[in-house]
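# Coordinate analysis (summary)
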Amino acid sequence: MNSKKICAILVAFAALAAFDGTAGAQQSSSGQGVKQDAKAVGHGVANGARDVGHVTKHVAVSVGHAGKEAGLGIGHGAKKAGLAVGHGARDGWNATRHAVKHVLHKDD
């Protein structure tokens, strides 16, 4: 249920509740019908609110799980990049050290 339907149900419930006061002057059987109608509208409002709550929960869980997956992907990517940079720096250091020793004729 969307918010327009819920608002329409709430307006209908308010109208029935206002009508209940004037229906008391009529026969008791019609007052009983209004009470039953108001009760049915109340149940409809409650059911609609519950449905909205369930949808909201589902959306929040989906967004939370997507955020978690994105965070893990970014974290794992950063770890891999950090390791690659570290290995590259180590390889560069080894190459530089070997070149300096070769130039100075101090072979390993």
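Our subject in this report is the structure included herewith. Remember, it's a predicted structure, so these values are computed and weren't measured experimentally.

## Comments concerning the overall build of the protein
When helices and strands are tallied, the protein shows two helices and zero strands. Across the 108 residues in the protein, those meeting the buried criterion constitute 7%.

## Some thoughts on a nonpolar patch on the surface
On the surface, a cluster of nonpolar side chains totalling about 270 Å² of accessible area is made up of Val-55, Val-59 and Val-63. Relative to the helices and strands, Val-63 is located in helix α2 (residues 28–103). By relative accessible area, Val-63 is classed as exposed at 57%.

The rules behind the values
Residues numbered from 1 in each chain as written. Predicted model: local features only at pLDDT ≥ 70, side-chain atom pairs only at ≥ 80, totals over all residues. Heavy atoms only, no water. Helix = DSSP H or I, 4+ residues; strand = E, 2+ residues; numbered from the N terminus. Buried < 20%, exposed > 50% of the residue type's maximum accessible area, 1.4 Å probe, protein only. Patch = residues over 30% accessible without salt bridge, like charges linked within 9 Å, V, L, I, M, F, W, Y side chains within 5 Å. Areas by Shrake-Rupley, 256 points an atom, 1.4 Å probe, with all protein chains shown as cover. Salt bridge = Lys/Arg side-chain N within 4 Å of Asp/Glu carboxyl O.

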